Amino acid sequence: MKLILRTDLQRAVCSWGFVIGAVSFCLLGISGVMQNIVSVIRGGSIGQLQIGYTMQMMLDALGSDAVLLFLPVLCALPHTAAFVEDFQSKYYRVYLPRSGKRQYIGARLISTIFSGGLAMLAGALLLILLLAVVFKPMEEPRAQALEVFAFDYDTYLLDLRWQLAGRVLLLFLSGCFWSCVGGFFACLILNKYMAYAAPFILYYVLIILEERYFSAFNMLNPKLWMNPLLTGAGTVGSMALFVTELTLLMAVAYGLVMTRRMKDA
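Residues numbered from 1 in each chain as written. Predicted model: local features only at pLDDT ≥ 70, side-chain atom pairs only at ≥ 80, totals over all residues. Heavy atoms only, no water.

*Asks:* Just checking my understanding: could you explain the overall build of the protein for this structure?
*Replies:* Tallying secondary structure elements over the protein gives 13 helices and zero strands in all. Ordered by position from N to C terminus, the α and β elements of the protein give α-α-α-α-α-α-α-α-α-α-α-α-α. In the protein, which comprises 265 residues, the share counted as buried stands at 47%. Within the protein, counting contacts between residues at least 6 apart in sequence, those at least 24 apart form 81% of the total. (Helix = DSSP H or I, 4+ residues; strand = E, 2+ residues; numbered from the N terminus. Buried < 20%, exposed > 50% of the residue type's maximum accessible area, 1.4 Å probe, protein only. Contact = heavy atoms within 4.5 Å.)

Below is the structure:
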C-alpha cells in the first residue's frame, strides 16, 4: 500500500490540477483584498502601515468571498476524479496484482482526501508569502509604534498569528472534505465531472439549509467554517474537529462505494 499511496500522492501533487488549484486560490485571495492593495500601493510608502496590517490582510484574503466561492471546486482539481478515470479505462487492473483491492482502495481514498487539502494549503502559503514580501516592508518599525501607542503589540501580533494558523488549518481540512465529497459522488454516478460539480452544489445546498431552515445550527454553513470565532459558530478547535468528523464519515461512504464498484467490475 505504501508504494501505491506514494505513487498516487506524487500523481496528485505533480499534476496540472494541483498547480492550477493552488495558483487559482492565491489569485482569488488577492482579488478578495484588491481594494486594500490598490489603496496601499497608491498612497502608502515604507514605514506608514501599522504593525500587523499585513497579517490582517492575509486573514481577510483567506476568508474572502472569492476564495470561499470557488474553494469546493479548486480542491477537487488535483485528484478527485482519478478513481473514476481509472475505473472507466480499466487502468486500475495494473495495480491490483501487486497491491490487492483493499490496499488500492485505501491508497486512492487517502490520496484523494489529502490532495485537496494540500492544494489549498499550498495556495494559502503562496498567498501569505506574496503578501508578506510586498507589504511587510511597508509596516512601521516596532520601536516607533511603541513610542506613539500604549499598546501591547506582542500580544496583538501573537493573536494574529494564531488566527492565521487556525484559518490555514481550516482551509486544509475543508479542502480534504470537499475533495472527498467530489470523489464520492463521482464514484457513485460514475461521472468524473461530478467530482467538480457535486462539491459546489452541496456547498450551496448547505448554505441554503442553514440560512432558511436551520439557522440555529450555524455550523452547518460551510462559509462559517473559515471564521468560527466572529460568527459564533465555535472555536477553531471545535470547528476543525467538526470538519474532520465530516471528512471521516464521507471517507467511509466513499470507501464503501469504491468497494462496491470494484466488486461489480
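*Asks:* What am I meant to see in empty space enclosed by the protein here?
*Replies:* Take a probe with the size of a water molecule and roll it over the atoms, and the empty space left behind shows itself. The full count for this structure, using the stated rule, is one cavity of 30 Å³ or more. Volume-wise, the largest cavity comes out at about 50 Å³. The set of elements that each furnish at least two residues to the lining of the largest cavity consists of α5 (65-74) and α10 (153-189). Looking at side-chain class alone, the lining of the largest cavity contains seven nonpolar, one polar and no charged residues. (1 Å grid on protein atoms, 1.4 Å probe; cavity = no way out; pocket = protein on both sides within 12 Å on 5 of 7 lines; lining within 4 Å. Points joined across faces, edges and corners; volume = space filled by probe spheres on them. Nonpolar A, V, L, I, M, F, W, Y, C, P; charged D, E, K, R; others polar.)

*Asks:* How should α5 be read in this particular structure?
*Replies:* Along α5, the residues that are buried comprise Val67, Leu68, Leu71, Pro72 and Leu74. Considered in projection along α5, the buried side chains sweep an arc of 160° and stay on one side of the axis. (Arc of directions from axis to C-beta.)

*Asks:* In this structure, what is going on with the packing of aromatic side chains? I would like to understand it.
*Replies:* Think of a pair of aromatic rings as described by two things: how far the centres are apart, and how the planes are tilted against each other in angle. All chains considered together, the criterion is met by 10 aromatic pairs. Ring plane angle 20° and centroid distance 6.0 Å describe the contact between Trp178 and Trp225, whose orientation is recorded as stacked. Separated by 47 residues along the polypeptide, Trp178 in helix α10 and Trp225 in the loop between α11 (194-212) and α12 (228-231) bring together distant segments of the chain. For Trp178, a relative accessible area of 1% corresponds to the buried category. A relative accessible area of 1% places Trp225 in the buried class. With centroids separated by 5.0 Å and ring planes inclined at 80°, the aromatic side chains of Phe184 and Phe185 adopt a geometry described as edge-to-face. Counting every residue linked through ring pairs, the aromatic cluster contains Phe177, Trp178, Phe200, Tyr203, Tyr204, Trp225 and Phe242. (Phe/Tyr/Trp six-rings, centres within 6.5 Å; stacked < 30°, edge-to-face > 60°.)

*Asks:* How should I be thinking about the environment of Trp178 in this particular structure?
*Replies:* In the structure, Trp178 is positioned 102 residues away from Ala76 in sequence and 7.0 Å away in space, judged by C-alpha atoms. Trp178 has contacts with Leu71, Pro72, Cys75, Pro199, Leu202, Tyr203, Leu206, Pro222 and Trp225, leaving out every residue within four places of it along the chain.

*Asks:* So what exactly am I meant to see when it comes to the side chain of Ser174 here?
*Replies:* Position of Ser174 relative to the elements: it lies in helix α10. Take Ser174: its relative accessible area is 2%, and that puts it in the buried class.

*Asks:* I keep staring at a nonpolar patch on the surface and nothing clicks. Help me out?
*Replies:* A surface patch of nonpolar side chains, about 660 Å² in accessible area, is lined by Trp16, Val19, Ile20, Val23, Leu27, Leu126 and Leu130. By residue number, the principal contributor to the nonpolar patch is helix α2 (residues 16-32), which donates five residues. Tracing the backbone through its elements, the reader meets Ile20 in helix α2. Owing to a relative accessible area of 44%, Ile20 belongs among the partly exposed residues under this scheme. (Patch = residues over 30% accessible without salt bridge, like charges linked within 9 Å, V, L, I, M, F, W, Y side chains within 5 Å. Areas by Shrake-Rupley, 256 points an atom, 1.4 Å probe, with all protein chains shown as cover. Salt bridge = Lys/Arg side-chain N within 4 Å of Asp/Glu carboxyl O.)

*Asks:* Quick question: what am I supposed to make of unusual backbone geometry here?
*Replies:* Comment: phi is negative for the bulk of residues other than glycine, and the bulk of peptide bonds are trans. The backbone phi angle of Leu190 is positive, close to 60°, even though this residue is not glycine. Residue Leu190 is classed as partly exposed on the basis of its relative accessible area of 25%.

*Asks:* I tried to follow the packing of helix α4 (residues 53-62) against helix α8 (residues 101-135) on my own but got confused; where do I start?
*Replies:* Here α4 crosses α8 at 145°, and the two axes come no closer than 10 Å. α8 is crossed by α4, and the crossing has right-handed handedness. Note on element contacts: α8 touches α4 through Ala124, Leu127, Ile128, Leu131, Ala132 and Phe135, opposite Thr54, Met57, Met58, Ala61 and Leu62. (Axes fitted to C-alpha atoms, helices over the stretch in contact; angles between N-to-C directions. Left-handed = near helix turned anticlockwise from the far one by under 90°.)

*Asks:* Explanation requested: the side chain of Asn221 in the structure shown.
*Replies:* As for its placement among the helices and strands, Asn221 is situated in the loop between α11 and α12. For Asn221, a relative accessible area of 4% gives the class buried. The residues touching Asn221, leaving out its near neighbours within four places in the chain, are Ile207, Glu210 and Glu211.

*Asks:* How do you make sense of the environment of Ser174 when you look at a structure like this?
*Replies:* Placed 66 residues apart in sequence, Ser174 and Ala240 show a C-alpha to C-alpha distance of 8.8 Å. Ignoring sequence-local partners within four residues, the contact set of Ser174 consists of Leu71, Trp225, Met226 and Val243.

*Asks:* What is the right way to look at the confidence of the model for the protein in this model?
*Replies:* When pLDDT is low, close inspection of the predicted coordinates is not appropriate. Of all residues in the protein, 85% have pLDDT values of 70 or greater, and the mean over the chain is 82. Ranking the elements of the protein by mean pLDDT puts helix α9 (residues 142-148) last with 53 and α2 first with 92. (pLDDT = per-residue confidence, 0-100.)

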